[in-house]
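Overview (structure and organization)
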Amino acid sequence: MYNIIVKKYGKPEVLSYEKDTEKKILKNCVKILVASAGINFADILTIQGRYQERPRPPFSPGLEVSGIIQKVGKDVTGFKAGEKVMAIMKYGGYQQNVIVPAENTYKVPKNMPLIVAGGFPVIYGTAYSALVTKASIQKGETCLILGATGGVGIAAVEIAHAYGAKVIACGGDDKKLDICKNKGALHLINYKKNIIRTQLLKKNIKEVDVVIDMIGGQATLDAVKSLSWNGRLVIVGFASGKIPDIPANRLLLKNAKAEGLYWGELAYRCPKKIKDDFRSLELLYKNKKINPSIYKVFKLSEATQALNYLTNRKNVGKIVLKC
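Scoring rules and cut-offs
Residues numbered from 1 in each chain as written. Predicted model: local features only at pLDDT ≥ 70, side-chain atom pairs only at ≥ 80, totals over all residues. Heavy atoms only, no water. Helix = DSSP H or I, 4+ residues; strand = E, 2+ residues; numbered from the N terminus. Expected span 1.5 Å × (residues − 1). Buried < 20%, exposed > 50% of the residue type's maximum accessible area, 1.4 Å probe, protein only. Contact = heavy atoms within 4.5 Å. Pairing = 2+ DSSP bridges. Right-handed = clockwise from strand over helix to strand, strands pointing away. Axes fitted to C-alpha atoms, helices over the stretch in contact; angles between N-to-C directions. Phe/Tyr/Trp six-rings, centres within 6.5 Å; stacked < 30°, edge-to-face > 60°. Lys NZ or Arg CZ within 6 Å of the ring centre and 35° of its normal. Salt bridge = Lys/Arg side-chain N within 4 Å of Asp/Glu carboxyl O. Polar contact = N/O pair within 3.5 Å; in protein donor to acceptor, adjacent residues only side chain to side chain. Core = buried A, V, L, I, M, F, W, Y, C linked by side-chain atoms within 4.5 Å.

1. A look at helix α4 (residues 151-162)
- For α4, spanning 12 residues, the distance from its first C-alpha to its last is 17 Å, which sits close to the expected 16 Å at 1.5 Å a residue.
- Listing the buried residues of α4 in full gives Gly151, Val152, Gly153, Ile154, Ala155, Ala156, Val157, Glu158, Ile159 and Ala160.
- Among the structural elements, α3 (121-134), β8 (142-146), β9 (166-171), α5 (174-182) and α10 (271-286) are those in contact with the buried residues of α4.
- The positive-phi residue at the C-terminal boundary of α4 is Gly164, with phi of around 85°.

2. Thoughts on the pairing of strand β14 (residues 294-299)
- Bridge analysis of β14 against strand β15 (residues 318-322) gives 5 bridges, and the strand direction is parallel. From the neighbouring strand, Ile294 faces β15, where its bridge partner is Lys318.
- For the segment spanning β14, helix α11 (residues 303-311) and β15, crossover handedness is right-handed.

3. Observations concerning the sheet that holds strand β12 (residues 227-235)
- Pairing within the open sheet is parallel, and its 6 strands lie in the order β10-β9-β8-β11-β12-β13. On the outer flanks of this sheet lie β10 (187-190) and β13 (257-260), each paired with one strand and no other. Averaged over neighbouring strand pairs, the angle between their axes works out to 15° when direction is ignored.
- In this sheet, β13 lies alongside β12 in parallel orientation, the contact comprising 4 bridges. Its bridge partner being in β13, Val234 is matched across the sheet by Glu259.
- Set on the sheet, α3 makes contact with β8, β11 (208-213), β12 and β13; between it and β13 the angle comes to about 145°.
- Strands in contact with α5 are β9 and β10; relative to β10, the strand with the most contacts, it is inclined by about 160°.

4. Quick notes on the packing of aromatic side chains
- All told, the structure shown has 10 aromatic pairs when counted by the stated rule.
- Taken together, Tyr106, Phe120, Tyr124, Trp263 and Phe278 form an aromatic cluster joined through their ring pairs.
- Over the ring of Tyr268 we find Lys90, and its NZ or CZ is 5.2 Å from the ring centre.

5. Let's talk about the pattern of salt bridges
- Inspection of every chain in the model, using the stated rule, returns 15 salt bridges.
- A salt bridge links Lys107 to Glu83, with the shortest nitrogen-to-oxygen separation between them at 3.4 Å. Highlighted residues: Lys107 in strand β7 (residues 105-107) and Glu83 in the loop between β4 (64-72) and β5 (84-88), separated in sequence by 24 residues.
- Accessibility expressed as a relative area gives 45% for Lys107, which makes it partly exposed.
- Glu207 is the partner of Lys254 in a salt bridge, and the nearest nitrogen-oxygen pair spans 3.1 Å. Pair noted here: Lys254 is in the loop between α8 (248-253) and β13 and Glu207 is in the loop between α6 (196-202) and β11, with a separation of 47 residues, a long-range link.
- Residue Lys254 is classed as partly exposed on the basis of its relative accessible area, which comes to 25%.

6. Quick notes on the environment of Gln96
- In this fold, Gln96 is placed in the loop between β5 and β6 (97-101).
- Each C-alpha atom of the pair Gln96 and Ser240 lies 33 Å from the other, and the pair is 144 residues apart in sequence.
- Excluding residues within four positions of it along the chain, Gln96 makes contact with Met1, Tyr2, Tyr17, Ile32, Leu33, Val34, Leu300 and Cys323.
- At 2.7 Å, the side chain of Gln96 forms a polar contact with the backbone nitrogen of Tyr2.
- Only 2.9 Å separates the side chain of Gln96 from the backbone oxygen of Cys323, close enough to count as a polar contact.

7. Overview of the nonpolar core
- Counting 49 residues, the largest nonpolar core has Cys143, Ile145, Ile212 and Leu281 as the members making the most contacts within it.
- The element that contributes the greatest number of residues to this core is α3, accounting for 7 residues.
- Of all hydrophobic cores here, the second largest spans 31 residues; its members include Leu15, Ile32, Phe79 and Phe298.

Okay, here's the thing in structure tokens:
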């Protein structure tokens with residue numbers, strides 16, 4: 001068995017591929033033989049020592065995995081050896097064997113391939129919490145998604161569409177935005193070429209009810225100015241690298257609100273709620289309302305290449321490591 005180790009903070013090139021050591025299972029945990037590990041932007045920040053969760057080297061990065069349970073701790077109920085599961089963690093997923101608390105482990109939706117399940121929890125869990133838990137998205141509402149061409153963005157397009165919302169996908173690449181249209185977006189806006197508010201008015205959209213924001217910067221400010229009465233802005237990330245100064249007067253005038261979503265921490269603080277969310281997502285998957293897929297697969301030993309691929313934004317959707 002092998003794993004990926006960070007011995008010092010830095011760029012993805014600092015990763016090393018090493019033989020794993022035997023792990024002792026704790027009484028409230030499960031041991032998983034990993035099939036697939038999802039790649040996320042948070043992994044890049046963690047490797048650099050710049051993420052909210054800042055483990056000290058040596059450690060393995062990785063927020064999510066799928067695989068087969070090898071062993072369960074003595075206090076674990078609801079799981080047994082041989083079951084297909086997916087799990088989330090604060091770090092440690094780039095390994096062929098992981099030990100994860102049972103409360104952060106979930107059964108893989110029926111008929112979902114393990115390679116897909118390894119990249120499912122973070123993006124779909126985040127998108128669902130943003131849209132349903134935070135924004136309480138309703139049928140017929142207009143939903144603007146900033147950063148719609150990334151993993152969370154595409155998941156958000158699917159889920160918003162599944163809930164009957166009118167979806168506006170915003171991204172910085174026209175070819176990638178075309179994929180959002182296939183996922184259910186009614187309108188596409190390239191925010192690198194156009195001013196969002198101007199494009200909305202050209203499409204006869206005066207206001208939006210919900211904004212899911214993975215971008216930050218000027219795009220956020222444009223979106224806030226377009227919020228409707230009781231509008232909701234949910235902040236998921238700052239892919240632009242710029243944290244906006246949100247004008248509070250705009251929120252006041254529209255009786256609107258802006259909320260943050262740190263999904264990884266939420267998942268650890270409220271595991272029962274997240275488990276319920278995954279049951280709802282499983283139903284959407286069963287009814288073919290969402291169609292999770294993998295854009296590109298790398299070997300575990302190719303983790304550096306995979307992270308650089310993500311850094312250069314070559315993907316449209318999810319990248320995973322095959323373990």
